[in-house]
Amino acid sequence: MTDDSVMTYKQFCHGYVRYKDAARRIVRQRITGDMKWKRDADNFMNAVAESFFDRDRNFRRWLALEKCIFRNPMTDDYVAVTIGDDPEAVYYFLLFCKKINCREDIDETFTEYLQYLINKSLEGSN
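All figures in this text were calculated on a predicted structure; none of them were measured in a lab.

Asker: Before we go on, may I ask you to explain the overall build of the protein in this structure?
Answerer: Tallying secondary structure elements over the protein gives five helices and two strands in all. In the protein, the succession of helices and strands from N to C terminus is α-α-α-β-β-α-α. The C-alpha radius of gyration computed for the protein amounts to 15 Å, which stays within 12% of the reference 14 Å derived for 126 residues, consistent with globular compactness. Looking at the protein as a whole, 41% of its 126 residues qualify as buried. For the protein, the share of sequence-separated contacts (at least 6 apart) that also reach a separation of at least 24 residues comes to 57%. Charge-centre separation for the protein: the mean point of 20 positive side chains lies 8 Å from the mean point of 21 negative side chains.

Asker: Would you take a moment to explain the layout of surface pockets for this structure?
Answerer: A water-sized probe, rolled over the atoms, reveals where empty space remains. Approximately 230 Å³ is the volume found for the largest pocket. When contributions to the lining of the largest pocket are tallied by element, the ones reaching two or more residues are strand S1 (68-71) and helix H4 (87-101). Here the residues of the lining of the largest pocket are counted per class, giving five nonpolar, one polar and five charged.

The rules behind these values
What you see as residue numbers is a count from 1 along each chain, following the sequence as written. Confidence filtering applies because this is a predicted model: local features only for residues at pLDDT of at least 70, side-chain atom pairs given and counted only at 80 or more, and all residues used for totals across whole chains, interfaces and linings. Side-chain numbers here rest on the full set of heavy atoms in the structure, without hydrogens or water. The secondary structure listing takes helices from DSSP runs of H or I that are at least 4 residues long and strands from runs of E that are at least 2 residues long, numbered from the N terminus. With C-alpha atoms as the basis for the radius of gyration, the globule rule is written as 2.2 Å multiplied by the number of residues raised to the power 0.38. Between buried and exposed lies partly exposed: a residue is buried under 20% and exposed over 50% of the maximum accessible area for its type, with that area taken using a 1.4 Å probe on protein chains only. What makes two residues a contact is simply this: any of their non-hydrogen atoms within 4.5 Å. Residues scored as positive are Lys and Arg, those scored as negative are Asp and Glu, and His as well as the terminal groups of each chain are ignored. All charge positions are set by atom: Lys at NZ, Arg at CZ, Asp at CG, Glu at CD. Residues are said to line a cavity or pocket when one of their atoms sits within 4 Å of a point; the points come from a 1 Å grid over protein atoms alone, cavities being sets where a 1.4 Å probe fits but cannot get out and pockets being open sets with protein on both sides within 12 Å along at least five of seven lines. Grid points are joined across faces, edges and corners, and a volume is the space filled by probe spheres set on the points. Nonpolar residues are Ala, Val, Leu, Ile, Met, Phe, Trp, Tyr, Cys and Pro. Charged residues are Asp, Glu, Lys and Arg, and all others, Gly as well, are polar.

As structure tokens, this is what we get:
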């Protein structure tokens, strides 16, 4: 995907590594207040949401260890998806959701790779 408005995987990983602990603390413990570490993590989470057109707040859901969701374009039903602790899996899931939200075509290879990443992210988590 070469869309310049979408955060690259490298950019996503850099921000995720930098703000992971703070972002997870914010969404899991519902921390409020004006602390620099909180502002920086919030800014990263907002950049992810904007970059991926994340209207269902899936990045925040994933950080909170909740199921992610997407609306199936064929049935118009919401589908819940468990994604393990793997930033690559959530990155590609966010790309998948962006494609759906922007009504882009999703090729079979992309879908198969996403399913592989999700399955891999869940291995050993039971």
